[in-house]
Amino acid sequence: MPDDVRAAVRPAEIEVDPEAGLLRILWQDEHESIYELPALRPHCPCAVCQGEMGIPGVVNDATTFTQEQSTLVDIQEIGRYALQLIWADGHQTGYYTFTLLRSLCPCETCRAARARNAQ
Ligand SMILES: [Zn+2]
Ligand SMILES: [Zn+2]
């Protein structure tokens, strides 16, 4: 991986503000991502939510989440590669890799870049 790509998926600082419902990651390339925690819940990458081996997951575009399901109670850093998000309904099997999180960055710049790539 080239250095600039690596820096884009390595966090320099991670901050959670459960009361505001926000997760802030400052990346080593000095990009800052501020996520609304409930917006991360539908992206839970675990096999139950997203499915695996041809079996559909329980989450799709039409899925709605209860407040409990989208309230974060804890966050654990898994090695150097992922964050485990633990939700109030007890769901905690989703390991959000930093690559995934960076690809979900909701800032204007990243959203615009994703829209360009999708065309
Ligand atoms: Zn899940
Ligand atoms: Zn961004």
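Everything below is about the structure printed above this text.
For the structure given in this document, a descriptive report is provided here. Everything numeric in this text was worked out from a predicted model, so none of it was measured. (Residues numbered from 1 in each chain as written. Chains lettered and ligands numbered in written order. Predicted model: local features only at pLDDT ≥ 70, side-chain atom pairs only at ≥ 80, totals over all residues. Heavy atoms only, no water.)

**What about the side chain of Ser33?**
No. 1: Relative to the elements of secondary structure, Ser33 occurs in strand S3 (residues 32–36).
No. 2: A distance of 2.8 Å separates polar atoms of two side chains, one belonging to Ser33 and the other to Trp27.
No. 3: Leaving out residues up to four positions away in the same chain, Ser33 has contacts with Leu23, Arg24, Ile25, Trp27 and Cys105. (Helix = DSSP H or I, 4+ residues; strand = E, 2+ residues; numbered from the N terminus. Polar contact = N/O pair within 3.5 Å; in protein donor to acceptor, adjacent residues only side chain to side chain. Contact = heavy atoms within 4.5 Å.)

**A few points about the coordination of the zinc ion (ligand 2)**
No. 1: Looking at the metal site, the zinc ion (ligand 2) is ligated by His31 (NE2), Cys105 (SG), Cys107 (SG) and Cys110 (SG), spaced 2.0 to 2.3 Å from it.
No. 2: Note that the zinc ion (ligand 2) binds four donor atoms; their angles at the metal cover 104 to 117 degrees, and the shape is tetrahedral.
No. 3: For the zinc ion (ligand 2), the donor residues sit on a single chain with the sequence spacing H-x73-C-x1-C-x2-C.
No. 4: Looking at Cys105, the relative accessible area reads 0%, which means it is buried.
No. 5: Accessibility expressed as a relative area gives 12% for Cys110, which makes it buried. (Donors = N, O, S within 2.8 Å, 3.2 Å for Na, K, Ca; no water. Tetrahedral: all angles 85-135°; square planar, octahedral: opposite > 155°, others 65-115°. Buried < 20%, exposed > 50% of the residue type's maximum accessible area, 1.4 Å probe, protein only.)

**Points about the pattern of salt bridges**
No. 1: What the rule picks out here adds up to seven salt bridges.
No. 2: In this structure, Arg24 engages Glu13 in a salt bridge whose closest nitrogen and oxygen atoms are separated by 3.3 Å. In this pair, Arg24 is assigned in strand S2 (residues 22–27) and Glu13 in strand S1 (residues 11–17), connecting sequence segments 11 residues apart.
No. 3: Judged by relative accessible area, which is 19%, Arg24 ranks as buried.
No. 4: When the shortest N-O distance is used, the salt bridge between Glu108 and Arg111 registers 3.2 Å. In this pair, Glu108 and Arg111 are both assigned in helix H5 (residues 108–118), three residues apart and thus about one turn of the helix distant.
No. 5: On the basis of relative accessible area, Glu108 is assigned to the exposed category, the value being 60%. (Salt bridge = Lys/Arg side-chain N within 4 Å of Asp/Glu carboxyl O.)

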